[in-house]
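# Residue-level structure breakdown
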Amino acid sequence: MPDVAVRLAGVETGEYHFANTINQDKYDGIKGRADIAAAAVKPYGWVTAVPNHKQGVMANKKIRQALQTVLDMEPIMAAGVGNKDFYRLSGTLFYPEQPAFYSTTGVTGYNLKNKDRARALLKEAGYTGQPVRWVTTKEYEWMYNTAVVAKQQMEEAGFVVDLQVVDWATLVQRRNKPELFDLFSTGFTFNPDPALASSLQCNWPGWWCAEEKDKLMADLARETDPKKRRAIIERLQAIFYEDVGRIKLGDYYLLQAMRKDLRGFKAGPYLYFWNAWLVK
């Protein structure tokens with residue numbers, strides 16, 4: 001059932017027992033109902049804008065740094081998610097609920113909201129108003145709404161932004177062709193192990209390939225000592241912000257609604273039952 005409103009209405013009327021991915025701004029309206037339970041899936045993922053490292057305007061690191069520097073994440077995440085209970089301002093690559101992987105070390109470029117510094121970086125980069133083609137979609141409202149607010153902030157610093165709103169299938173097609181975009185909207189969902197994270201892979205769309213980062217990812221896949229893994233993660237976070245691998249906007253949580261006569265279900269991120277021991 002692709003329509004969010006129909007999914008929720010079906011649970012409210014009793015036609016469905018369970019509905020996934022309900023708009024978070026509906027939470028206050030359903031949490032007090034005697035017949036419906038509302039569950040927040042926390043952690044779930046983080047909202048991101050993915051720059052094209054292979055070609056185009058975002059292949060210039062200083063321009064990526066200017067983008068990272070200008071953004072004010074609170075209004076961006078508020079526009080995207082709506083209910084403050086369902087988002088968190090956090091620049092870490094992994095979540096507090098993953099204590100084996102979570103660290104704030106190396107998080108140096110998150111939520112800087114510095115327009116003057118962003119303008120200076122654009123000048124250093126020789127930016128002359130080339131349009132930044134940002135591909136997003138209204139099929140996921142949080143993608144579109146976060147992109148709209150970020151676009152406004154970018155333009156205040158001197159960026160020219162061409163926001164291209166397409167259906168999700170078209171976005172997925174375009175993000176595989178480096179000549180067709182400079183940024184695209186998406187989300188990275190909960191991952192049980194850092195070595196498997198799409199946000200850090202060289203061959204994932206956006207093509208963030210960096211020699212030290214890629215070596216560290218290979219080391220991470222082989223390493224079993226928790227302290228050594230944490231040190232690798234902390235260095236990866238530092239490189240993430242130095243090179244602006246992706247633009248992390250913030251963490252977001254999924255809202256699920258279910259009839260209270262549904263038994264035996266426990267809300268959790270993807271692969272929850274397989275990796276629950278990792279997040280406890």
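Attention here is on the structure that accompanies the text. All values reported here derive from a predicted model rather than from experimental measurement. (Residues numbered from 1 in each chain as written. Predicted model: local features only at pLDDT ≥ 70, side-chain atom pairs only at ≥ 80, totals over all residues. Heavy atoms only, no water.)

## Describing the layout of surface pockets
One simple way to see leftover space: roll a probe sized like a water molecule over the atoms. Roughly 880 Å³ of internal volume is contained in the largest pocket. Forming the boundary of the largest pocket are 42 residues, of which Tyr-44, Tyr-140, Trp-142, Met-143 and Tyr-252 lie nearest the centre. Those elements giving two or more residues to the lining of the largest pocket turn out to be α1 (4-13), β2 (36-51), α4 (73-81), α6 (141-156), β6 (183-189) and β7 (247-259). Per-class residue counts for the lining of the largest pocket are 22 nonpolar, 14 polar and six charged. (1 Å grid on protein atoms, 1.4 Å probe; cavity = no way out; pocket = protein on both sides within 12 Å on 5 of 7 lines; lining within 4 Å. Points joined across faces, edges and corners; volume = space filled by probe spheres on them. Helix = DSSP H or I, 4+ residues; strand = E, 2+ residues; numbered from the N terminus. Nonpolar A, V, L, I, M, F, W, Y, C, P; charged D, E, K, R; others polar.)

## Side note on the pairing of β7
Counting buried positions over the 13 residues of β7 gives 13, a clear majority of the element. Bridge count for strand β1 (residues 18-19) against β7 is two bridges, and the pairing is antiparallel. Bridge pairing links Phe-18 to Met-258 in β7. In terms of strand pairing, β2 meets β7 through eleven bridges, oriented antiparallel. In the strand pairing of β7, Ala-49 is matched with Ile-247. With two bridges joining them, strand β3 (residues 87-88) and β7 adopt antiparallel strand pairing. Counterpart to Tyr-87 in the pairing with β7 is Tyr-252. (Buried < 20%, exposed > 50% of the residue type's maximum accessible area, 1.4 Å probe, protein only. Pairing = 2+ DSSP bridges.)

## A word on the pattern of salt bridges
For the structure shown, the criterion picks out 21 salt bridges. What you see here is one network of salt bridges that share partners, running through Glu-12, Arg-33, Asp-35 and Arg-259. (Salt bridge = Lys/Arg side-chain N within 4 Å of Asp/Glu carboxyl O.)

## As for the side chain of Thr-92
Within the element layout of this structure, Thr-92 appears in the loop between β3 and α5 (115-125). The buried category is assigned to Thr-92, whose relative accessible area is 2%. Only 3.1 Å separates the side chain of Thr-92 from the side chain of Ser-90, close enough to count as a polar contact. (Polar contact = N/O pair within 3.5 Å; in protein donor to acceptor, adjacent residues only side chain to side chain.)

## Some thoughts on the packing of aromatic side chains
Inspection of every chain in the model, using the stated rule, returns 17 aromatic pairs. When the centroid spacing of 6.0 Å and the interplanar angle of 35° are considered together, the rings of Phe-181 and Trp-207 count as tilted. In this pair, Phe-181 is assigned in the loop between α7 (168-174) and β6 and Trp-207 in the loop between β6 and α8 (211-222), connecting sequence segments 26 residues apart. Each member of the pair, Phe-181 as well as Trp-207, is classed as buried. Seen in terms of ring centroids, Phe-184 and Trp-204 are 5.9 Å apart; in terms of plane orientation they differ by 35°. Their pairing is tilted. Of the two residues, Phe-184 is situated in strand β6 and Trp-204 in the loop between β6 and α8; the sequence distance between them amounts to 20 residues. (Phe/Tyr/Trp six-rings, centres within 6.5 Å; stacked < 30°, edge-to-face > 60°.)

## Quick word on the nonpolar core
One finds Leu-71, Trp-134, Met-154, Phe-159 and Leu-200 to be the most contacted residues of the largest nonpolar core, which totals 80 residues. Non-local contacts of Met-154, meaning those with residues more than four positions away in its chain, are made with Leu-67, Val-70, Leu-71, Val-132, Trp-134, Phe-159, Val-161 and Leu-183. (Core = buried A, V, L, I, M, F, W, Y, C linked by side-chain atoms within 4.5 Å. Contact = heavy atoms within 4.5 Å.)

## Digging into the side chain of Asp-182
Note on placement: Asp-182 falls in the loop between α7 and β6. In this structure the side chain of Asp-182 is engaged in a polar contact, spanning 2.8 Å, whose partner is the backbone nitrogen of Arg-133. In this structure Asp-182 touches Val-50, Pro-51, Asn-52, Gln-55, Gly-56, Val-57, Met-58, Pro-131, Val-132 and Arg-133, once residues within four positions along its chain are discounted.

## What about the packing of α4 against α6?
Direction vectors running N to C along α4 and α6 enclose 150°, while the axes themselves pass 7 Å from each other. Between α4 and α6, the interaxial angle falls into the category roughly antiparallel. In this structure, the crossing between α4 and α6 has a hand that is right-handed. Contact residues: α4 offers Pro-75, Ile-76, Ala-79 and Gly-80, while α6 offers Trp-142, Asn-145, Thr-146, Val-149, Ala-150 and Gln-153. Looking at the contact of α4 with α6, its residues break down into six nonpolar, four polar and no charged. (Axes fitted to C-alpha atoms, helices over the stretch in contact; angles between N-to-C directions. Parallel < 35°, antiparallel > 145°, perpendicular 65-115°, else oblique. Left-handed = near helix turned anticlockwise from the far one by under 90°.)

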